[in-house]
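Read off the chains here:
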Amino acid sequence: MEVINLYRVEQTVIPAGSKGPTALPVVVAVPKEMAPGEQRVATVPEVVQKLTKSGHEVRIEHDAGTGAYYPDELFTAAGAKIASSRTDLLNGAQIVLRVQPPTVAEVDQLAKGTIVIGFMNATHNLEAVARMRDRKVTAFALEFVPRITRAQSMDALSSQATAGGYVAAILGADNCPKFLPMLTTAAGTIRPATVLILGAGVAGLMAIATAKRLGAIVEAYDVRRAAGEQVRSLGARFLELEINAEGQGGYARELTPAEKVTEQQMVSAAVARADIVITTAAIPGRKAPLLITKETVATMRPGAVIVDLAAESGGNCELTQAGKTVTEYGVTIIGAQNLPARVPFHSSQMYAKNLQSFLALLIDKDGAIVKEFTDEILVASILVHEGTVRHGPTRDLLSGGKP
Ligand code: NAD
């Protein structure tokens, strides 16, 4: 598989548009998310209140927040206007805030020059990207926000991975036939369950913290040795294996074929003794590494559970089926998809705050959309602008060339 460098930045100053700055109010529109199972919404009343107090107009599509338990009335009380149709919502809107990428049909509803911000899943969503290019829509992809200290408040990958890690631990516990904590009762003593977390990035660390709070014995492993300190600080045991695969920008690099074999062998003993395994291992732009083979699953105890957070990018377990829960060798294997949508109230709140911080880069102190996209965070995250795909790897894929 080819490596896609998702973070290639090519230009440092991008003119925002030929129309120049727009005077107050900026009209911000938030559509209802239409992707199956998506319960989140891109803004929440608290953020709406801040925007409307600054003089901007916020429009929310009718029922957009219902799935996340933010009813229309709360948005109205925060100063938003409720739009009863998509046409009313978008008519004259300058900025559209989304969670999931727009579909081609949704892009067709956007007027030229509209700025749309959200997860774009750019390299897997080429048709919609091409349509945004052709309709001269401007799109910012939150997955490309650089993971620098200044951008932490807009790091939606992290906020949503936090939600995903939490839900993974809860799902694991819910599907496990055992108690997680140790119990000393008149009916005997119960030994605590063992939870193993593979991949101790943002989601993995949250899964560790949650499983610890539930009282389990927690072990964790990551190919980045630096993750060991964070794991231990949460009270979990870090499995010291012989591999250190620190890559660029704090991410892991892909292992060599020999390292992969070593890792699978070393991880398998820990997998066999675990009651719950939560896997989160990922390498940006690549298929998820295979950590648990079919043979290893066969060594697990009946009733054990695997929650595979990498299901959508190929799975860390060989038997994972994305979007499905299957039982193999008596082991429940959960091909987790979009776990943040299972805690939509808080994941929407965190996401909305991320977007609020991002908007502060786009709207200047006078309340107008900036004339030029000079901020390095805007430059890194711009996907499409004025008829051009600005993100090189996506453009290369669209033109059929190599990324
Ligand atoms: P990710 O989702 O890309 O990967 C999850 C984890 O899987 C990572 O910890 C990675 O090391 C691990 N992994 C990859 N291959 C593996 C393998 N073969 N076996 C075991 N584990 C494997 O990563 P993420 O959670 O988004 O973040 C990873 C890093 O980025 C962390 O160091 C995190 O602290 C850092 N980060 C920094 C900032 C910031 O500075 N603003 C923000 C977020 C994350």
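Every residue gets a number counted from 1 within its own chain, in the order that chain's sequence is written. Predicted model: local features are reported for residues with pLDDT of at least 70 only, side-chain atom pairs are reported and counted for 80 or more only, and whole-chain, interface and lining totals are derived from all residues. As a rule here, side-chain values cover all heavy atoms of the structure and leave hydrogens and water aside.

1. Quick look at empty space enclosed by the protein
Two kinds of site are reported from a 1 Å grid over the protein atoms alone, namely cavities, where a 1.4 Å probe fits but cannot get out, and pockets, open sets with protein on both sides within 12 Å along at least five of seven lines, and residues are called lining when an atom falls within 4 Å of a point. Grid points are joined across faces, edges and corners, and a volume is the space filled by probe spheres set on the points. A full pass over the atoms with the stated rule returns one cavity of 30 Å³ or more. Taken as a whole, the largest cavity spans an internal volume of roughly 50 Å³. If you go around the largest cavity, the residues you meet are Pro31, Arg86, Leu90, Val96, Arg98, Pro102, Glu106, Gln109, Leu110 and Val116. Residue polarity follows a fixed list, in which Ala, Val, Leu, Ile, Met, Phe, Trp, Tyr, Cys and Pro are nonpolar, Asp, Glu, Lys and Arg are charged, and the others, Gly among them, are polar. Within the lining of the largest cavity, the residues separate by chemical class into six nonpolar, one polar and three charged.

2. Side note on the sheet that holds strand S2 (residues 27–30)
A pair of strands is treated as paired once DSSP finds two or more bridges between them. In this description a helix means any DSSP run of H or I spanning at least four residues, a strand means any run of E spanning at least two, and both kinds are numbered starting from the N terminus. Spatially, the eight strands line up as an open sheet ordered S4-S3-S2-S5-S6-S7-S18-S19, and their pairing is mixed. Either end of the sheet is taken by a strand with one partner, and the two such strands are strand S4 (81–83) and strand S19 (388–389). Pairing of strand S3 (residues 57–61) with S4, which is carried by three bridges, proceeds in the parallel orientation. Bridge pairing in S4 places Glu61 opposite Ala83.

3. Structural notes on the pairing of strand S7 (residues 138–141)
Classification of residues uses two cut-offs on accessible area relative to the type maximum, computed with a 1.4 Å probe and protein chains only: under 20% is buried, over 50% is exposed, and between them is partly exposed. Across the two faces of S7 the burial is the same, with Thr138 and Phe140 and Ala139 and Ala141 all buried. Here strand S6 (residues 115–118) pairs with S7 via four bridges, running parallel. Paired with Val116 across the bridge in S7 is Ala139. The crossover handedness rule: strands pointing away from the viewer, path from first strand over the helix to second strand clockwise, crossover right-handed. Note that the unit made of S6, helix H5 (residues 126–134) and S7 has a crossover that is right-handed. Bridge count between S7 and strand S18 (residues 382–385): two bridges; the pairing is antiparallel. Its bridge partner lying in S18, Phe140 is registered against Ile382.

4. Describing the sheet that holds strand S10 (residues 194–198)
Across the sheet, which stays open at both edges, the seven strands sit in the order S12-S11-S10-S13-S14-S16-S15 with mixed pairing between neighbours. Whereas interior strands pair on both sides, the edge strands pair on one side only; in this sheet they are strand S12 (237–238) and strand S15 (325–328). Pairing analysis gives two bridges linking strand S11 (residues 217–221) to S12, with the strands arranged parallel. Pairing of Glu219 across the sheet is with Arg237, part of S12.

5. Section: the pattern of salt bridges
Salt bridge, as applied in this entry: a Lys or Arg side-chain nitrogen positioned within 4 Å of an Asp or Glu carboxyl oxygen. Counted by the stated rule, this structure contains 22 salt bridges. The closest approach of N and O atoms between Lys260 and Glu254, which form a salt bridge, is 3.2 Å. A relative accessible area of 34% means that Lys260 is categorised as partly exposed. Take Glu254: its relative accessible area is 31%, and that puts it in the partly exposed class.

6. A short note on a nonpolar patch on the surface
Nonpolar side chains collect at one region of the surface, where Tyr166, Ile170 and Leu214 lie side by side and expose about 220 Å² of accessible area between them. Take Leu214: it is sitting in the loop between helix H7 (202–213) and S11. Residue Leu214 is classed as partly exposed on the basis of its relative accessible area of 32%. Here the term patch refers to residues with relative accessible area over 30% and no salt bridge, with like charges joined within 9 Å and nonpolar side chains (Val, Leu, Ile, Met, Phe, Trp, Tyr) within 5 Å. Under the convention used here, a 1.4 Å probe and the Shrake-Rupley method define accessible areas, while residue burial counts only the protein chains that appear.

7. Focus on the packing of helix H1 (residues 45–53) against helix H11 (residues 344–362)
Axes here mean lines fitted to C-alpha atoms, for a helix over just the part in contact, with angles spanning 0 to 180 degrees between N-to-C directions. Interaxial distance between H1 and H11 falls to 9 Å at its minimum, and their mutual angle equals 20 degrees. Between H1 and H11, the crossing angle belongs to the class labelled roughly parallel. Handedness of the H1/H11 crossing: right-handed. Contact residues: Glu46, Val47, Lys50 and Leu51 in H1; Ala352, Lys353, Gln356 and Leu359 in H11. In terms of residue class, the contact of H1 with H11 is made up of four nonpolar, one polar and three charged. The scheme is simple: roughly parallel for angles under 35 degrees, roughly antiparallel for over 145, roughly perpendicular for 65 to 115, oblique for anything else. It is the rotation of the near helix from the far one that decides the hand of a crossing: anticlockwise by less than a right angle makes it left-handed, clockwise makes it right-handed. Residues count as neighbours in contact if any of their non-hydrogen atoms are within 4.5 Å of one another.

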